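Reading the structure
Residue strings, one per chain:
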Amino acid sequence: MVKNISVQPKDIYKDPYGYTYSEMVSVLGENEAGKIYRELYSRSKNTDKYRTITIKEIFRGVDTQKYAFELSDGYCIETVSIRRKTGTTVCVSTMVGCPVGCIFCASGENGFVRNLTPSEIVQQVILVKGKVNRIVFMGMGEPLFNYDNVIKSIHILRDRKGINFPTDGITISTTGPLPQMKKLREEHLKIQLTLSLHATNQRTRDSIMPHMKGYDIDEVVQSVLSYSERHNRSVTIAYLLIPGINDRENDVKQLGKWFRDKNVLINLLQYNETDCKAVRRPNKQELVAFRDKLNKSGLTVKIRESRGGNIKAACGQLVSRLNRHNESVVPKKIHIAGLEKESSNNDGYSNRLKSNKRPYTKSKIRNGKKGESSK
Ligand SMILES: C[S@@+](CC[C@H](N)C(=O)[O-])C[C@H]1O[C@@H](n2cnc3c(N)ncnc32)[C@H](O)[C@@H]1O
Ligand code: SF4
């Protein structure tokens, strides 16, 4: 039972999109913010206008846990916590679904449903167990397409009167929409930035990241370099190695041309399994060979260690399985630039399965009591 709650729910929830800035700060300043959230939720769960989130299920891996959260309107999101020697990293979601529809990522398979509010983003950090020392915006959704709410959530997390989270420990990973990249460059926020590039020419990028078609690849690259220069810090280029698609000599050459002698780390990603049949996971030798070629052309490269694959918690595997009516959303087949992919239309609703089949079992975590997932 939480004592001394100085702020009543009705005072806090003024904004339908979550707490206002100062109100959120006053809640987090209570030092027991997690408990308070749960208390507020238990008082308010019968009404839809309070945008609290609640743990529906926890999937446990070795050092990785995946949280399925239920939102107040019945949608689900997933969040991952990774335990490291130095502390816990939380990988937060910014949307239900994703409009970008990258062919290799499960998060965009059912299209975009809605943006998360600042409070829904912040609550993911607070409800996760462990001492969080890194927050990465690498869960479901494209953070910069939910720009205002993501920035607001960062202001809340870093507030001195709140949990005072160091901005340095926050990373945004983005596909690089240009207007938002320009805006981000001008923010007084020294966050870490990762650009999900994944290709070295427009045609390839368009075919694997369909919604980014309108953005010139060269300008996207220049915008991340410009962020690096303005803030005098290293940026990361995420490059998902897809054999036969983006692993040619020309790709090595172009990456060298763009990033040699720049303050850039290339992060090579290995495909984590989703339903996409058009992408093959490279083996370790292929990854190492590509890394060596990049190294030879003067680039700093790291192979990203992937965790949580056994509980579908690795990059690109997070999904929102339920719609607002708690029905499964089932992907249908579409064709993108000759590449076959499982996906649905963009509204996220019309492929509802009218059956009662639910991918999640009923919550095993009730009233703070946790249990093993059935997965
Ligand atoms: C899920 S995204 C979320 C952040 C943002 N939407 C983005 O694309 O950068 C985080 C990272 O996971 C990568 N990713 C997506 N699907 C993947 C998969 N199946 N295997 C490995 N990495 C994947 C993305 O390219 C991106 O670099
Ligand atoms: S990789 Fe990122 S942008 Fe692409 S569909 Fe997944 S979440 Fe969206």
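Keep in mind the model is a prediction, meaning the values are calculated, not measured.

Overview of the packing of helix α9 (residues 249-259) against helix α10 (residues 284-296)
Axis separation between α9 and α10 bottoms out at 9 Å; the angle between their running directions is 40°. Classified by the angle between their axes, α9 and α10 sit oblique to one another. With respect to the hand of their crossing, α9 and α10 are arranged in right-handed fashion. From α9, E249, V252 and L255 reach across to α10, where they touch F290, K293 and L294. The class makeup of the residues in the contact of α9 with α10 is four nonpolar, no polar and two charged.

A look at the nonpolar core
Of all hydrophobic cores here, the largest spans 91 residues; its most connected members are F104 and F259. When sequence neighbours within four positions are dropped, the list of residues in contact with F259 reads L197, V221, L225, I237, V264, I266 and L299.

What to know about the confidence of the model for the chain
For the chain, the average pLDDT comes to 78, and 72% of its residues sit at 70 or higher. A low-confidence stretch, residues 1-25 (pLDDT under 50), is modelled with 49 contacts involving residues beyond four sequence positions or located in other chains. Ignoring residues within four places in sequence, the model shows residues 38-50, a span with pLDDT below 50, making 19 contacts including any to other chains. ipTM for the predicted complex: 0.99, alongside a pTM of 0.78.

A look at the sheet that holds strand β10 (residues 235-240)
Backbone hydrogen bonds hold the strands of a sheet together, and the pairing may be parallel or antiparallel. Taking strand neighbours across the sheet as the criterion, the 10 strands line up as β1-β2-β3-β4-β7-β8-β9-β10-β11-β12 in an open arrangement whose pairing is mixed. At either end of the open sheet lies a strand with only one pairing partner, and these are β1 (54-60) and β12 (300-303). The average undirected angle you get between the axes of adjacent strands in this sheet is 25°. Pairing of strand β9 (residues 192-196) with β10 involves three bridges; the strand directions are parallel. Within β10, the residue paired with S196 across the bridge is A238. Lying on the sheet, helix α8 (residues 217-231) is in contact with β9, β10 and β11 (264-269); it crosses β9 at an angle near 170°.

Quick notes on the site of ligand 1
Close contacts around ligand 1 come from 22 residues, with F104, S173, S196, H198 and N272 the closest. One nitrogen or oxygen atom from the side chain of S173 is found 2.7 Å from an oxygen atom belonging to ligand 1. Note that a nitrogen atom of ligand 1 is positioned 2.8 Å from one of the backbone N or O atoms of N272. Summarising the interface, the protein chains cover 96% of the accessible area of ligand 1, which totals 540 Å² for the free molecule. The residue makeup of the shell around ligand 1, split by class, is 10 nonpolar, 11 polar and one charged.

Quick look at the site of ligand 2
Neighbouring ligand 2 are the residues C98, V100, G101, C102, C105, G141 and T175. The residue inventory of the shell around ligand 2, partitioned by class, reads four nonpolar, three polar and no charged.

Considering the packing of aromatic side chains
Following the criterion strictly, the structure yields three aromatic pairs and no others. Residues Y239 and F290 carry aromatic rings whose centres are separated by 5.8 Å and whose planes lie at 10° to one another, so their mutual orientation is stacked. On the criterion of sequence distance, the pair formed by Y239 in strand β10 and F290 in helix α10 is long-range, its members being 51 residues apart. Taken as a pair, Y239 and F290 share a single burial class, namely buried. Ring centres of W258 and F259 lie 5.9 Å apart, and the angle between their planes is 55°; this geometry places the pair in the tilted category.

Some thoughts on the environment of E78
Tracing the chain through its elements places E78 in strand β3 (residues 76-84). By relative accessible area, which is 0% here, E78 ends up buried. Placed 13 residues apart in sequence, E78 and C91 show a C-alpha to C-alpha distance of 9.1 Å. Side-chain polar atoms of E78 contact the side chain of K66, separated by 3.4 Å.

Remarks on the pairing of β9
The element β9 is extensively covered by neighbouring structure, given that four of its five residues are classed as buried. In this sheet, β9 lies alongside strand β8 (residues 170-174) in parallel orientation, the contact comprising four bridges. Along β9, the bridge assignment pairs T174 with L195. This β-α-β element, β8 to helix α6 (residues 178-186) to β9, shows right-handed connectivity.

What counts and how
- Residues numbered from 1 in each chain as written.
- Chains lettered and ligands numbered in written order.
- Predicted model: local features only at pLDDT ≥ 70, side-chain atom pairs only at ≥ 80, totals over all residues.
- Heavy atoms only, no water.
- Axes fitted to C-alpha atoms, helices over the stretch in contact; angles between N-to-C directions.
- Helix = DSSP H or I, 4+ residues; strand = E, 2+ residues; numbered from the N terminus.
- Parallel < 35°, antiparallel > 145°, perpendicular 65-115°, else oblique.
- Left-handed = near helix turned anticlockwise from the far one by under 90°.
- Contact = heavy atoms within 4.5 Å.
- Nonpolar A, V, L, I, M, F, W, Y, C, P; charged D, E, K, R; others polar.
- Core = buried A, V, L, I, M, F, W, Y, C linked by side-chain atoms within 4.5 Å.
- Buried < 20%, exposed > 50% of the residue type's maximum accessible area, 1.4 Å probe, protein only.
- pLDDT = per-residue confidence, 0-100.
- Pairing = 2+ DSSP bridges.
- Near = heavy atom within 4 Å.
- Polar contact = N/O pair within 3.5 Å; in protein donor to acceptor, adjacent residues only side chain to side chain.
- Areas by Shrake-Rupley, 256 points an atom, 1.4 Å probe, with all protein chains shown as cover.
- Phe/Tyr/Trp six-rings, centres within 6.5 Å; stacked < 30°, edge-to-face > 60°.
- Right-handed = clockwise from strand over helix to strand, strands pointing away.

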